[in-house]
Amino acid sequence: MAEMFYDDDANLAVIQDRSVAIIGYGSQGHAHALNLRDSGVDVRVGLAEGSKSRAKAEAEGLRVLTPAQATAESDVIMILVPDQVQRHVYANEIAPNLKAGDAIFFAHGFNIRYGYITAPEGVDVCMVAPKGPGHIVRREYADGRGVPVLVCVEQDASGEAWELAKSYAKAIGGLRAGGIKTTFTEETETDLFGEQVVLCGGMSHLVQAGFETLTEAGYQPEMAYFECLHELKMIVDLMIEGGISKQRWSISDTAEYGDYVSGPRIIDDHVKQNMKTVLSDIQTGKFAERFIADQDAGAPEFKKLRESEAGHPIEATGKELRKMFSWLKSSDDDYVEGSAAR
């Protein structure tokens, strides 16, 4: 079982005695900055000149500096810009302004795990990673609750990095719900695996394949959309509330029986072997190398895949059908197409 941390395991005064720079003000950045501020922490935001987020941060009463300036006057630096951007911001803005005794924090271990960022001796390297999007991290904190967090230390130069990491986690509200002790390697590899084989890659392509199978068999695309995509939220919500067992308890006997006899025909040993191959690519760094090489080239593969997937017939069908559901948002201020700052 994982080791857990809660509010009583952390001393808020530790982070209150430090100066914190939040580099980036996207989904996670705004939540960390505001929660830290409201926990009595000395915080400023580091953003490039001309950043569209500068006005938003300033409107909240936060001091906004360049990443270099924010780093220079801080001794805790939380890096919350997208994975593919982090190493450039670190090399150009952060590294030249680090000093012994500083700590750099992350909310995802990608750049440390794969060696795109290497911290100097004398600097703590920590992670506090909320398991929820930034707007929920902020909302739950404001409501007196919290979102669970992952907590880990890669380099404990000061001998006090764990106390600092736990204090930071407490300040953003994470230890109200609970913090799980992990490592940069475990967080990075499990996060990428979950995204690719289940949450994003697996789910998206399973839905598309189901839609294609029904429409190719002559069924109306509207019916295929309802049965293969729309009702997915109900099923996932039940899983979140009480696990797979509650989902199976809540559905009809017909659906539950179909789960048992047909599920293994779709997700069979061949699929699991493919999952192991994906995991191997993550563990060896093959996926990271492909992603970063594509990003460095201007993201041609990424953009081509995004455009191709956006043109799938299920998207046009869904766009029209969603107009029938008055309770669905027509727009979402938290959604920024292509944003990775979450």
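One structure accompanies this document, and this report is about it. (Residues numbered from 1 in each chain as written. Predicted model: local features only at pLDDT ≥ 70, side-chain atom pairs only at ≥ 80, totals over all residues. Heavy atoms only, no water.)

This part is about the packing of aromatic side chains. Taken as a whole, this structure holds 10 aromatic pairs when the rule is applied. Their ring planes at 10° and their centres at 6.3 Å tell us that Phe287 and Phe291 sit as a pair that is stacked. Within this pair, Phe287 and its partner Phe291 are both found in helix α16 (residues 286–296), separated by 4 residues, close to a single helical turn. Judged by relative accessible area, which is 27%, Phe287 ranks as partly exposed. By relative accessible area, Phe291 is classed as partly exposed at 21%. Taking NZ or CZ as reference, Arg176 lies 4.5 Å from the ring centre of Tyr141, over its face. The lysine or arginine in question, Lys181, covers the ring of Trp162, its NZ or CZ lying 4.9 Å from the ring centre. (Phe/Tyr/Trp six-rings, centres within 6.5 Å; stacked < 30°, edge-to-face > 60°. Helix = DSSP H or I, 4+ residues; strand = E, 2+ residues; numbered from the N terminus. Buried < 20%, exposed > 50% of the residue type's maximum accessible area, 1.4 Å probe, protein only. Lys NZ or Arg CZ within 6 Å of the ring centre and 35° of its normal.)

We now examine the pairing of strand β5 (residues 76–79). Of the two faces of β5, both are covered, the one formed by Val76 and Met78 as well as the one formed by Ile77 and Ile79. Where strand β2 (residues 19–23) and β5 come together, 4 bridges link them in parallel fashion. Bridging across to β5, Ala21 finds its partner in Ile77. By the bridge criterion, 4 bridges tie β5 to strand β6 (residues 103–106) in an arrangement that is parallel. By the bridge assignment, Ile79 is partnered in β6 with Phe106. Between the parallel pair β5 and β6, the chain is carried across by helix α5 (residues 83–94), and the sense of this crossover is right-handed. (Pairing = 2+ DSSP bridges. Right-handed = clockwise from strand over helix to strand, strands pointing away.)

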